[in-house]
Amino acid sequence: MSNNNKVTVVDREGATHNLEWEPDQTLMEALRDNDLPVLASCGGTASCATCHVFLEKDVFENLSERSEDELELLVEAEGYQECGSRLSCQVDFSRNLDGVTVTLAPEG
Amino acid sequence: MPEQQIPHKNQPVVIIGAGHSGVAVATGLRTKGWQGRILLLDAEKETPYERPPLSKELLKAGAPNESTPLRKEKFFQDKGIERVGGLTVESIDRPGKTVLLSDGSRHAYHRLVIATGSRARALTVPGADLPGVLALRTKDDALELKRVLLPGARVAIIGAGYIGLEVAAAAAARGCEVTVLEFQDRVMSRVTSAPVSRFFENVHEQKGVRFVFGAAVTAIEGTDWAEHVVTADGARFPADVVLTGIGVIPNQEIAEAAGLHCKDGIFVDDDGRTSDPEIYATGDVTRFTSRIDGQSQRLECIQNAMSQADSVAAHITGQPTSDPEIPWFWTVQHGVRLQTAGVRHPDDDVVVRGTPSEGKFSVVYLRNGRLSAVDTVGGLSDFRPAKKLIAQAAAIDPALAADPSISLTDAALQPSL
Ligand SMILES: Cc1cc2nc3c(=O)[nH]c(=O)nc-3n(C[C@H](O)[C@H](O)[C@H](O)COP(=O)(O)OP(=O)(O)OC[C@H]3O[C@@H](n4cnc5c(N)ncnc54)[C@H](O)[C@@H]3O)c2cc1C
Ligand code: FES
């Protein structure tokens, strides 16, 4: 029996990866520890924006609000989506997120 | 690159130091297809951890005595990265291509990576070795400090750099009486301009932190514990805790002893190679020539530790390197964030963008009219545009840049390069 969430990740080349998101990980950690190219240089403190992802609209809408720091970093990010962009380090594990699809945002 | 084409991919790589950079080299090698033994040797015993929270979150009252691990222990196992903690590398035998550990064991390397980081510069005045005089570099240091930052404790901080100021903020929040002694005439003078210094001084003073500028510490007095900090003008500051934050020095001794070219840092090229082509160095311990301005420099930040690690892992596996991120740094003091992109020179032109008294502004640094660095205070909207524009060495209209209602990108003169 696993408590992990299943996540489908679409990388920057459009390829999909299936991974397990463990309960003690943020979404960023699940991505990074499964070798997806998120630099995450700030270690998950909403400072670097290298962990930017897009979530599907209905998933996005059920998450808590973005902090001001997160929003300011995201608004200036490439491909910013008002209803979809998140810093994956700010997305905590939740059973409700089992089965989500996460798309890596372009770098830069 | 297809794994078959990675040269020597079954050979051992030994990495000395499991901090931000060493861990990034180890993981980078595996991601890039290295199949040989990866031995990650570290003087610290426990699972490698994040350093920035040591002077920030960890010191808060009630915060757990933990710092986020860089990777979980299981991750190292899953990736076949052999981590040996609690032993130091004593010497490097270059002709024999081995390293000698403090337990007497020897390990052969095909490629060696020195990621030994830096240590807090020690204060060399009489009394500096008294108990109660602390520095902050490791998790053990942070826990020791946390134990003595008790409400009402008189805390003297020597040095108003990032670490000193972050500790000042944490100590003040914990109800300590904080005095910061600084030789220069403003805080963070090495890394930022006067408007930013003044702003942060004000933030600290509002929270009860006292500054003494122009203070040259000459001694620490006490019998079996620090009691007073003494300055050149004869002033004596009572202190129950003394924290020194006067910079760091690179842990280059084993490299020097092995004959690698070092001078206040191990010299490396853009690929992270030292003067021995089979030995790399990365992170705080290195000195290198900036690709942006040609200056020889050391950078003590996570960005540099990660970006050099990436170059090293790429070079060892024979793959092209990606363009390095623009250097950047952050600090949080009393909940106010300062985030810097680029490396400012003291003689850069300074353009203040926004109104500091409103708590949210940026400072733009121009060198020959081009953007060299940006400080953002209390907000991050200029951070990413700044990184891009610095990478392009964009020419900036100072009048437009001074107007925060105009985006920084629109303040760039076209064509930018
Ligand atoms: C309290 C604190 C707060 C910081 N805050 C920030 C911040 O907010 N943002 C930022 O960008 N940077 C920050 N930094 C700086 C950042 O942590 C460093 O730039 C970064 O850790 C450098 O990585 P490194 O791998 O070169 O060295 P380190 O992370 O220091 O790792 C070096 C490791 O090598 C080990 N070692 C040394 N010699 C030997 C030997 N002979 N044998 C075996 N092991 C050895 C050490 O024990 C250590 O574990 C902070 C630093 C500190 C101390
Ligand atoms: S890891 Fe840096 S913002 Fe998420």
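Per chain, residue numbering runs from 1 following the sequence as it is written. As a convention, the first chain written is A and the first ligand written is 1, with the rest following in written order. Predicted model: local features are reported for residues with pLDDT of at least 70 only, side-chain atom pairs are reported and counted for 80 or more only, and whole-chain, interface and lining totals are derived from all residues. Excluding hydrogens and water, the side-chain figures rest on all heavy atoms present in the structure.

(A) Layout of the site of ligand 1. Residues and elements named next belong to chain B. Lining the immediate environment of ligand 1, one finds 34 residues, of which Ser-21, Lys-56, Val-89, Arg-137 and Asp-284 sit closest. Glu-44 is positioned with one of its side-chain polar atoms (N or O) 2.9 Å from an oxygen atom of ligand 1. The contact in question runs from an oxygen atom of ligand 1 to an N or O atom on the side chain of Lys-56, over 2.5 Å. Methods summary: accessible areas were calculated by the Shrake-Rupley approach with a probe of 1.4 Å, and residue burial reflects only the protein chains presented. Protein contact buries 93% of the 990 Å² of open area that ligand 1 shows by itself. Per the convention used, a helix needs a DSSP run of H or I reaching at least four residues, while a strand needs a run of E reaching at least two, with both numbered from the N terminus. Looking at the shell around ligand 1, the element that brings in the most residues is helix α1 (residues 20–31), giving three residues. For the purposes of this description, domain bounds are those given by an automatic or database domain assignment. Both domains that meet at the shell around ligand 1, namely domain 1 (3–119 + 249–316) and domain 2 (122–246), each give it at least three residues. Being near a molecule or strand, for a residue, means having at least one of its heavy atoms within 4 Å of it. Under the rule applied, a polar contact is a pair of N or O atoms within 3.5 Å (in protein, one hydrogen donor and one hydrogen acceptor; residues adjacent in sequence only if both atoms are side-chain atoms).

(B) Spatial organisation of the pattern of salt bridges. The term salt bridge refers to a pairing of a side-chain nitrogen on Lys or Arg with a carboxyl oxygen on Asp or Glu at a separation within 4 Å. According to the stated counting rule, one finds 38 salt bridges over all chains in the structure shown. Two residues, Arg86(A) and Glu70(A), come together in a salt bridge whose shortest N-O distance is 2.8 Å. Taken as a pair, Arg86(A) in strand β4 (residues 85–87) and Glu70(A) in helix α3 (residues 68–75) lie far apart in primary sequence, 16 residues in all. We note that Arg86(A), like Glu70(A), is buried. Close ionic contact of Arg137(B) with Asp284(B) constitutes a salt bridge, the shortest N to O distance being 3.2 Å. Taken together, the positions of Arg137(B) in the loop between β9 (133–134) and α3 (139–148) and Asp284(B) in the loop between β19 (279–281) and β20 (286–289) put the pair 147 residues apart, joining distant regions of the chain. A network of salt bridges, in which partner residues are shared, links Arg190(B), Asp264(B), Arg287(B), Arg298(B) and Glu300(B). Note on exposure labels: buried denotes an accessible area under 20% of the residue type's maximum, exposed denotes more than 50%, and partly exposed covers the range between, all computed with a 1.4 Å probe on protein chains only.

(C) Local environment of the packing of aromatic side chains. Residue and element names in this part refer to chain B. Between 30 and 60 degrees the pair is tilted, below 30 it is stacked and above 60 it is edge-to-face, where a pair is any two Phe, Tyr or Trp rings, Trp via its six-membered ring, whose centres lie within 6.5 Å. Per the counting criterion, the structure on display carries eight aromatic pairs over all chains. Taking the centre distance of 6.1 Å and the plane angle of 85° together, the rings of Phe-75 and Phe-76 count as edge-to-face. Accessibility assignment for this pair places Phe-75 and Phe-76 in one class, buried. Arranged with centres 4.0 Å apart and planes meeting at 20°, the rings of Tyr-162 and Phe-329 form a pair that is stacked. Taken together, the residues span a long stretch of sequence, with Tyr-162 in helix α4 (residues 162–173) and Phe-329 in strand β22 (residues 328–333) at a distance of 167 residues. Residue Tyr-162 is classed as buried on the basis of its relative accessible area, which comes to 17%. Put simply, the rings of Phe-199, Phe-200 and Phe-361 pair up and form one aromatic cluster. For a lysine, the NZ atom is tested; for an arginine, the CZ atom; a charge sits over a ring if that atom is within 6 Å of the ring centre and within 35 degrees of the ring normal. Above the ring of Phe-75, the side-chain terminus of Arg-71 is found at 5.2 Å from the ring centroid.

(D) Here's a closer look at the nonpolar core. The nonpolar core is taken to be a set of buried Ala, Val, Leu, Ile, Met, Phe, Trp, Tyr and Cys residues, with the residues joined through side-chain atoms within 4.5 Å. Of all hydrophobic cores here, the largest spans 41 residues; its most connected members are Leu145(B), Val178(B) and Phe200(B). Of all the elements, α4(B) adds the most residues to this core, at seven residues. Residues Leu73(A), Cys89(A), Ile326(B) and Trp328(B) belong to the second largest nonpolar core, which totals 33 residues.

(E) Quick peek at the sheet that holds strand β24 (residues 349–355) of chain B. All names here are of chain B. Strands are labelled as partners when DSSP assigns at least two bridges between them. Spatially, the five strands line up as an open sheet ordered β22-β23-β26-β25-β24, and their pairing is antiparallel. Each edge of the open sheet carries a strand with a single partner, namely β22 and β24. Here the average twist between neighbouring strands, direction ignored, is 15°. Pairing analysis gives five bridges linking strand β23 (residues 336–342) to strand β26 (residues 370–377), with the strands arranged antiparallel. Axis geometry follows a simple rule: fit a line to the C-alpha atoms, using only the stretch in contact for helices, then measure angles between N-to-C directions, giving values from 0 to 180 degrees.

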